[in-house]
Amino acid sequence: SLRLDGPVLNTFHYGGYILWIRGEMHPPLLDGRTSGSRIFRSQFARASADSAALDSLLSTWGCTHAILEPPRGAGDRMAMALAARPDWTLVFADDAGLLLVKNEAFGAVAAARGYRLLSPDYAVLGARAMAATADSALRVRLTAELERASAESPWHSSASLWLGLLALADGDARQAFGQHACAVCLVLP
């Protein structure tokens, strides 16, 4: 819906979607058919776990935005590394996918829709949530971003989890059990 143009860095699961949306004239760099160049696939595999390889991949292919799966395990670091870069901004996040834009290419989108606190990195978001329990201004900003992520997609269990955990930290079991029940499932035996 944002009409982003240019080379898109994507995990192969989203290649078919990108091909369907953009057509054969602008194919994805990677898809489930293992189309695309062997060089790109090799760089992509290395970039999934190594930030130096990610730098090389981005400079070689000139990607302007990325549609990636959220991290699924400890070795899946590409989305976290890209979200941590100051020249890229996370603009959409749900349990199914993440959309990040290169600030140089889409500065207006990054400024208008960019998340400043929400991160696909569980450890980073956990530290921010912990800090938010003691800092009310941070709490308001983090809660607003989590609520926005929750409102933007029906696949928002991650955002609901963090909202529920923040409610539990406040001792608000009614809010945690009600609106954010998935958080309670993780902390109750």
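Residues numbered from 1 in each chain as written. Predicted model: local features only at pLDDT ≥ 70, side-chain atom pairs only at ≥ 80, totals over all residues. Heavy atoms only, no water.

Another aspect to go through is the sheet that holds strand 4 (residues 98-102). Taking strand neighbours across the sheet as the criterion, the four strands line up as 1-2-4-3 in an open arrangement whose pairing is mixed. Here the strands that pair on one side only, and so sit at the sheet edges, are strand 1 (8-10) and strand 3 (88-93). Along the sheet, successive strands turn relative to each other by an average axial angle of 20 degrees, direction set aside. In this structure, strand 1 lies alongside strand 2 (residues 65-68), joined through three bridges in parallel fashion. Bridging across to strand 2, N10 finds its partner in I67. (Pairing = 2+ DSSP bridges. Helix = DSSP H or I, 4+ residues; strand = E, 2+ residues; numbered from the N terminus. Axes fitted to C-alpha atoms, helices over the stretch in contact; angles between N-to-C directions.)

All told, the structure shown has six salt bridges when counted by the stated rule. Among the salt bridges present, the one from D55 reaches R85, with a minimum N-O distance of 2.2 Å. With a gap of 30 residues between them, D55 in helix 3 (residues 51-61) and R85 in the loop between helix 4 (78-84) and strand 3 connect regions that are remote in the sequence. Residue R85 is joined to D87 by a salt bridge in which the shortest nitrogen-to-oxygen separation is 3.2 Å. (Salt bridge = Lys/Arg side-chain N within 4 Å of Asp/Glu carboxyl O.)

Turning our attention to the nonpolar core. Membership of the largest hydrophobic core comes to 34 residues, with the highest contact counts inside it found for L9 and L82. The leading source of residues in this core is helix 8 (residues 157-169), at five residues. Of all hydrophobic cores here, the second largest spans nine residues; its members include V8, V101, V109 and A110. (Core = buried A, V, L, I, M, F, W, Y, C linked by side-chain atoms within 4.5 Å. Buried < 20%, exposed > 50% of the residue type's maximum accessible area, 1.4 Å probe, protein only.)

Counting buried positions along strand 3 yields five of six residues, so the element is predominantly enclosed. Here strand 3 runs beside strand 4; their pairing, made up of five bridges, is antiparallel. Residue pairing in the sheet places L90 in a bridge with L100 of strand 4. Here strand 3 folds back onto strand 4 in antiparallel fashion, the turn holding four residues.

Time to look at the environment of V109. Relative to the helices and strands, V109 is located in helix 5 (residues 107-113). Under the relative-accessibility criterion, V109 is labelled buried at 17%. Beyond its immediate sequence surroundings of up to four residues, V109 is in contact with L2, L4, V91, V101 and G114. (Contact = heavy atoms within 4.5 Å.)

Time to look at helix 7 (residues 136-152). For helix 7, which comprises 17 residues, the first-to-last C-alpha distance of 24 Å matches the rise-based estimate of 24 Å (1.5 Å per residue) to within 8%. The set of residues buried in helix 7 consists of L138, R139, L142, T143, E145, L146, A149 and S150. For helix 7, the angular spread of the buried residues around the axis is 165 degrees, confining them to a single face. Exposed side chains of helix 7 directed beyond 90 degrees from the buried face belong to S136, V140 and A151. (Expected span 1.5 Å × (residues − 1). Arc of directions from axis to C-beta.)

Moving on, we come to helix 3. Of all the residues in helix 3, the buried ones are A53, L54, L57 and L58. The buried side chains of helix 3 occupy one side of the element, clustering within an arc of 135 degrees when seen end-on. Of the surrounding elements, those touching the buried residues of helix 3 are strand 1, helix 2 (38-47), helix 4 and strand 3. The opening residue of helix 3, the one whose side-chain oxygen lies 3.4 Å from the backbone nitrogen of A52, is D50. Within two residues after helix 3, G62 carries a phi angle of roughly 60 degrees, on the positive side. (Polar contact = N/O pair within 3.5 Å; in protein donor to acceptor, adjacent residues only side chain to side chain.)

Moving on, we get to the environment of G126. One can find G126 in helix 6 (residues 122-132). We classify G126 as partly exposed; its relative accessible area is 23%. Residues G126 and L165 lie 39 residues apart in sequence; the distance between their C-alpha atoms is 9.9 Å.

That is the geometry; function is a separate question.
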